[in-house]
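Listed here are the chains, written in short residue letters.
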Amino acid sequence: MIEIDKLVEQYNILDVGEHAEKLNETCPVAGVNLEFSPEKIAMLAKKDPGALVESPLIWECLACGLCRQVTEQRVDMSLFIRNVREQASNSGFHGTETHGGMLITTQRLSAFTSANPRRTGWINEALKVESGKGKYLYWVGGAPFFDAVMPELKPAALDSARAAILLLNKLGVRPVVLENERFSGHDLLWTGDTKGFRSLADQNMLAIKNSGAKVLIVSSPEDYYTLAKSYAEYSGGLDCEICHITEFVANHLSELKFSEYRQRVTYHDPCRLGRGMGVYDAPREILRAIPGVELVEMKNTRDYSSCCGTSCWTNCNRYSKLIQINRLREAASVGAEALVTTCWECAIHFNCATRPEAWRQVFMDVSDLTVLAASLLQG
Ligand code: SF4
Ligand code: SF4
């Protein structure tokens, strides 16, 4: 049993009080939900830790990392919440899983050693990949499952995975794609299923080791954070270099040529890629390398970027929708014709908010940077 008071101390949760005003202004959830604030979490943690474990507040927090940013790295609300959720989950309290729980259930299933995934059926003839062993390994993550559950939400995650392999091929890289890759475990870890996460981590670490990979290239920011940081936290980490697809491409931009694309775009920093892994410049460098693209920044950008409104396929509600709509309106307010991101889950959630049948209408083109870059490749 985790003791909440120890976690309160470890993550400096009571220091929220000193920064309450700024935190309440910055927290994307507090901005739309008057019942929520980082201060309320801190007060409940202090006064009644048992009630905190049962409270919906711990599922409303997006674990977006902004608390840490605002308090100059002092208050780590994200990791505090992750640990409290573990206790909540062990005690039978859970968040509300979206899409009928399909995506979380699939991830739990993936954690069983008896489940034998086949993860390469989406690779078409245009893509050059290796099976088995090789220097470079491309991590596919949950893309095939997201597309199966939400085929109507474009750009599709698998379009992004295919685009990543096209870009790598153009740079002379034929990555290995693992037949037996499993979910990274991000969503299980952050919804309290530590046992499931560990099972996934152990199996994936062994599969990656057996591939002989020296460089692991990842598209999903959540998977990137998990493979690089959470695996290191739990199991000592992977014995290879890990990078995001945009970092790899940005490092080889001189070898690529893009067709002209006249559009005024803004870039949305995904929480796990920006605040989580410190990757802010690589996606912007790629956008600037595309002739005709005009990059404009939103007010809340880089380390102060807002969240896409929901995470871990849990607790998507009208507050999530308001956060998404606010972010898309922020993009429109700087004159952007498109919001570009590097996270297929951010793109899925934002596109969900732009559907004609969505709760409130908002118009914004949402693009995936990898798909955009690959579609403009010359030669
Ligand atoms: S981690 Fe993010 S969502 Fe959670 S309380 Fe802090 S700012 Fe709000
Ligand atoms: S915003 Fe995301 S989690 Fe919520 S319903 Fe849409 S696709 Fe599902």
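In this convention, every chain numbers its residues from 1, walking through the sequence in written order. Here chains are named by letter from A upward and ligands by number from 1 upward, in the order in which they appear as written. Given that the model is predicted, a residue must reach a pLDDT of at least 70 before its local features are reported, and side-chain atom pairs must reach 80 or more before they are shown or counted; all residues, however, enter totals for whole chains, interfaces and linings.

### Some words on the overall build of the protein chain
Each helix is a run of H or I in the DSSP string that is no shorter than four residues. Each strand is a run of E no shorter than two, and both are numbered from the N terminus. Of regular secondary structure, the protein chain possesses 19 helices and seven strands. Only the C-alpha atoms count toward the radius of gyration. The rule for a globule is 2.2 Å times the residue count to the power 0.38. Taken over the C-alpha trace, the protein chain has a radius of gyration of 20 Å; the compact-globule value for 379 residues is 21 Å, and the two agree within 12%. Expressed along its principal axes, the backbone C-alpha trace of the protein chain runs to roughly 65 × 50 × 40 Å. Relative to its 379 residues, the protein chain shows a buried fraction of 49%. With C-beta atoms placed from the backbone, a residue is labelled by how many other C-beta atoms lie within 10 Å of its own: buried for 20 or more, exposed for 12 or fewer, partly exposed between the two.

### Points about the sheet that holds strand S5 (residues 293-296)
Any two strands between which DSSP finds at least two bridges are classified as paired. The four strands are arranged S5-S4-S6-S7 in an open sheet whose pairing can be described as parallel. At either end of the open sheet lies a strand with only one pairing partner, and these are S5 and strand S7 (365-368). Each neighbouring strand pair of the sheet contributes to a mean axis angle of 35°, computed without reference to strand direction. Sitting on the sheet, helix H18 (residues 344-354) is in contact with strand S4 (263-268), strand S6 (338-341) and S7, with an inclination near 165° to S7. Axes here refer to lines fitted to C-alpha atoms; in helices the fit is confined to the stretch in contact. Angles between the N-to-C directions go from 0 to 180 degrees. Whether two residues are in contact is decided by their C-beta atoms, placed from the backbone, lying within 7 Å.

### As for the site of ligand 2
For each residue, a C-beta position is placed from the backbone atoms; the residue is near a molecule or strand when that point lies within 6 Å of it. Taken together, the neighbourhood of ligand 2 is formed by Thr98, His99, Met150, Thr310, Trp313, Cys316, Ser320, Ile348, His349 and Cys352. Residue contributions to the shell around ligand 2 peak at three residues, all from H18. Per-class residue counts for the shell around ligand 2 are five nonpolar, five polar and no charged. Classes in brief: Ala, Val, Leu, Ile, Met, Phe, Trp, Tyr, Cys and Pro nonpolar; Asp, Glu, Lys and Arg charged; the others, Gly included, polar.

### Points about the packing of helix H17 (residues 318-333) against H18
Look at H17 against H18: their axes get within 9 Å of each other, and the N-to-C directions meet at 90°. On the basis of the axis angle, H17 is roughly perpendicular to H18. Side by side, H17 and H18 meet where Lys321, Gln324, Ile325 and Leu328 of the first sit next to His349, Phe350, Ala353 and Thr354 of the second. Throughout this description, any angle smaller than 35 degrees is read as roughly parallel, any larger than 145 degrees as roughly antiparallel, any in the 65 to 115 degree range as roughly perpendicular, and the remainder as oblique.

### Some remarks on the environment of Gly92
Following the sequence through the fold, Gly92 ends up in the loop between helix H7 (77-90) and helix H8 (102-110). The exposed category is assigned to Gly92, around which 7 C-beta atoms lie within 10 Å.

### Things to note about the site of ligand 1
Around ligand 1, the neighbouring residues are Cys27, Pro28, Val29, Pro38, Cys61, Leu62, Ala63, Cys64, Leu66, Cys67, Met77 and Ser78. Put simply, the parts of the chain that give the shell around ligand 1 at least two residues each are helix H6 (66-70) and H7.

### What to know about the environment of Tyr267
Tracing the chain through its elements places Tyr267 in strand S4. Looking at Tyr267, the number of C-beta atoms within 10 Å reads 25, which means it is buried. Sequence spacing of Tyr267 and Cys64 is 203 residues, and the spatial spacing of their C-alpha atoms is 17 Å. Contacts of Tyr267, omitting those with residues within four sequence positions, involve Pro283, Arg284, Leu287, Leu295 and Val340.

### Observations regarding the domain arrangement of the protein chain
Domain start and end points were adopted from an automatic or database domain assignment. For the protein chain, the assigned domains read domain 1 (4-90), domain 2 (100-250) and domain 3 (256-375). Between the C-alpha centres of domain 1 and domain 3 the distance comes to 26 Å. With 11 residues of domain 1 at the interface, the matching set in domain 3 holds 13 residues.

### Looking at the environment of Ala157
Assignment of secondary structure puts Ala157 in helix H10 (residues 157-170). Taking the C-beta count within 10 Å as the criterion, Ala157 has 29 such neighbours and is therefore assigned buried. Taking C-alpha positions, Ala157 is 9.3 Å from Val140, a pair spaced 17 residues apart along the chain. Residues within four places of Ala157 in sequence aside, it is in contact with Ala143, Phe146, Asp147 and Trp344.

### Brief notes about the nonpolar core
The nonpolar core is taken to be a set of buried Ala, Val, Leu, Ile, Met, Phe, Trp, Tyr and Cys residues joined by way of C-beta atoms within 7 Å. Grouped together as the largest cluster of nonpolar side chains are 113 residues, with contacts concentrated most on Cys61, Val84, Leu137, Tyr138, Leu216 and Ile217. Apart from residues lying up to four places away in sequence, Ile217 is in contact with Tyr136, Leu137, Tyr138, Trp139, Leu168, Pro175, Cys243, Ile245 and Phe248.

### Some thoughts on the packing of helix H12 (residues 194-211) against helix H13 (residues 221-235)
The N-to-C vectors of H12 and H13 enclose an angle of 100°; their axes lie 11 Å apart at closest approach. Taken together, the axis directions place H12 and H13 in an arrangement best described as roughly perpendicular. In this structure, H12 uses Arg198, Ala201, Asp202 and Met205 to contact H13, whose residues at the interface are Tyr231, Tyr234 and Ser235. Looking at the contact of H12 with H13 residue by residue, the class counts come to four nonpolar, one polar and two charged.

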